[in-house]
Amino acid sequence: MDKIIVLDFGSQYSHLICRRIREFSVYAELVPYDISFEKIKELNPKGVIFSGGPSSVYNNDAPRPNSEIFQMKLPLLGICYGHQLIVDNFGGKVKRANKEYGHSILTVDNNSDLLGGVGDSLRAWMSHGDEAEKIPDNFQIIGHTERSQAAAIANKQESVYGIQFHPEVVHTEMGVQILKNFVLNICHAKQDWTMESFVEKTVGDISKIDGNVLCGVSGGIDSTVAALLIHKAIGNRLKCVFVDNGLLRLDEEHEIEKMFKDNFSVNFTAINAKRQFLDKLKGVSDPERKRKIVGEEFVRIFTEFAEKSGPFKWLAQGTLYPDVIESGVSKGPAAIIKTHHNVGGLPDWLDLQILEPLRDLYKDEVRKVAAILGVSKKLLSRHPFPGPGLAVRIIGEVTEKKLEITKVASKIVEDELEAAGWYDKIWQAYAAVGDDKAVGVVGDERKYGNIVMIRVVESIDAMTADWTRLPHDLLAKISNRITNEIDEVTWVSYVISSKPPATIEPQ
Ligand code: XMP
């Protein structure tokens, strides 16, 4: 598979460069800026990109790539700080300049290769405080802005390019075209990064491991896809365990078991631990305490299973690429197999190595892999669900009664949103319940019943969220069904708090 490597000099946009390149089916990988010459040779890239970063090349401690990289004669593209590194390395001069943040108009001076097909000018996103004062010999200026005379430079014979702006951010017009020009026309990389090729390669890699693999599955997309890939590679040497903590959505435990057993013939054990979890949660109303109890109980049950059904050599996890980047674990070329101990609170003596088949993928790529592996559309489009489950959607103590109310009411919310065509447009939708009660009149009798809170939110990444302006008729229908179908409920309220200041889950 053809690869582009992106040397990470610390820009917040570094991973976006990979993201954009993968979107046109070329594999791109973010690597540390000081990656060794041997590692680069091993990766055998078709081209190299230097990312942006917060440093200045004239500072003594400025991060620099391994100098041998310049002798490899690979096509090079420097972006922002990477641009300045190229200027500096090939004998030009970088100076402190007036800061240039936000949009600038880039005038194209030469559109014969890197800036081919982008027109005469474009809006480019800038974020820099240094600029090239003198460009190196054998380079020419191919684009400029009012403030940066050398905003895009090229040495075509050597295939070395530098651009002061960020083509990877959506605010730069034609940014993808510029990356395509570099990757496809200058590096001549083939567009062979498809999820089909990923599945084939990953399954091939995993089939080489020995020993048994333990995989905790939650029914969520990441753990499901990780399990299916491993199963494809090693069959029944993979054992999946699903802990039913009694805090799942209505009937979810059966749906998950059915999916694994009927569709995927995976070695699957469902552990019904409802009683243990509910006993441990008895009398507890503090939200953080509830979360802690659920986490600890999960680890205990999981450990017992590992002890009983082992020995296992590997623990599979559904870690994704953004987690790898964020956690700073990306200390080298991402490998799907890495040795690591005591992850997720599991005891050291289990001595498990970690298998992370999805650690090179972004979420939308996981969804594509899921579709290839035959995961149902229903699971693919299901809203996210918190790890501690309904324990965080029940305010106060978790009781059987409140659990039943939340499950049935949430199912009504989901079904009605689905029927009205709203389900796929929103981030999450559920019903929560607490201990407050309100008076109702049923028939001719006064009744003191529970208050249910409906929460429906829109969000891009769960960091912020807004409550969804649902049509009143739809809200009325949901409310009607809840009070008619759940005896205990007298009042239904709709939550109109956004995040911030509220959170998506009530606890
Ligand atoms: P909040 O309530 O913090 O939630 O606005 C943001 C998103 O994260 C989910 N969430 C969790 N997911 N374990 C999880 O796996 C948790 O403990 C947890 N708490 C909240 C929540 O459903 C929402 O999508």
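Since we're looking at a predicted model, the values are computed, not measured. (Residues numbered from 1 in each chain as written. Predicted model: local features only at pLDDT ≥ 70, side-chain atom pairs only at ≥ 80, totals over all residues. Heavy atoms only, no water.)

Draft legend 1. Here's a closer look at the overall build of the protein chain. Looking only at helices and strands, one finds 14 helices and 19 strands in the protein chain. Along the three orthogonal principal directions, the C-alpha set of the protein chain runs to about 90 × 55 × 40 Å. Here the protein chain holds 507 residues, and the buried ones make up 53% of them. Contacts spanning at least 24 positions in sequence make up 74% of the contacts within the protein chain whose residues lie at least 6 apart. (Helix = DSSP H or I, 4+ residues; strand = E, 2+ residues; numbered from the N terminus. Buried < 20%, exposed > 50% of the residue type's maximum accessible area, 1.4 Å probe, protein only. Contact = heavy atoms within 4.5 Å.)

Draft legend 2. Molecular detail of the pairing of strand S12 (residues 268-272). Bridge count for strand S11 (residues 238-244) against S12 is five bridges, and the pairing is parallel. Looking at the pairing, Val 243 lines up with Ile 271 of S12. Between S11 and its parallel partner S12, the chain crosses via helix H7 (residues 252-264), and the hand of that crossover is right-handed. (Pairing = 2+ DSSP bridges. Right-handed = clockwise from strand over helix to strand, strands pointing away.)

Draft legend 3. Geometry of the site of the ligand. Taken together, Arg 291, Pro 386, Gly 387, Pro 388, Trp 427, Gln 428, Ala 462, Lys 499, Thr 503, Ile 504 and Glu 505 make up all the residues around the ligand. Lys 499 places a side-chain nitrogen or oxygen 2.7 Å from an oxygen atom of the ligand. When the free accessible area of the ligand is taken as 490 Å², the share hidden by the protein chains comes to 67%. Taken together, the residues of the shell around the ligand break down into five nonpolar, three polar and three charged. (Near = heavy atom within 4 Å. Polar contact = N/O pair within 3.5 Å; in protein donor to acceptor, adjacent residues only side chain to side chain. Areas by Shrake-Rupley, 256 points an atom, 1.4 Å probe, with all protein chains shown as cover. Nonpolar A, V, L, I, M, F, W, Y, C, P; charged D, E, K, R; others polar.)

Draft legend 4. View of the domain arrangement of the protein chain. Domain assignment breaks the protein chain into domain 1 (3-186), domain 2 (195-380) and domain 3 (399-494). Measuring from the centre of the C-alpha atoms in domain 1 to the corresponding centre in domain 3 gives 51 Å. (Domains from an automatic or database assignment.)

Draft legend 5. The arrangement of the environment of Val 94 in detail. Turning to its location among the elements, Val 94 is positioned in strand S5 (residues 93-108). Spatially, the C-alpha atom of Val 94 lies 4.4 Å from that of Ala 132, the residues being 38 residues apart in sequence. Among all residues touching Val 94, those that are not within four sequence positions of it are Val 57, Tyr 58, Gln 84, Val 87, Asp 88, Asp 130, Glu 131, Ala 132 and Glu 133.

Draft legend 6. Spatial organisation of the nonpolar core. Counting residues in hydrophobic clusters, the biggest one holds 51 residues, and the most contacted among them are Leu 214, Leu 247, Leu 417, Val 452, Ile 454 and Ile 482. Of all the secondary structure elements, the ones that give two or more residues to this core are S11, helix H8 (274-281), helix H9 (287-309), helix H13 (400-419), strand S16 (428-442), strand S17 (445-458), helix H14 (472-485) and strand S19 (489-494). When sequence neighbours within four positions are dropped, the list of residues in contact with Leu 247 reads Leu 278, Leu 281, Val 294, Phe 385, Pro 388, Gly 389, Leu 390, Ala 391, Val 398 and Leu 403. Judged by nonpolar contacts, the second largest core, of 43 residues, contains Ile 206, Cys 215, Ile 221 and Val 266. (Core = buried A, V, L, I, M, F, W, Y, C linked by side-chain atoms within 4.5 Å.)

Draft legend 7. How the structure looks around helix H1 (residues 14-23). The buried fraction of H1 amounts to seven of the ten residues, a majority that puts the element mostly inside the structure. Looking at H1, one finds that the buried residues are Ser 14, Ile 17, Cys 18, Arg 19, Arg 20, Ile 21 and Arg 22. Phi for Ser 25, located one or two positions after H1, is positive at around 70 degrees.

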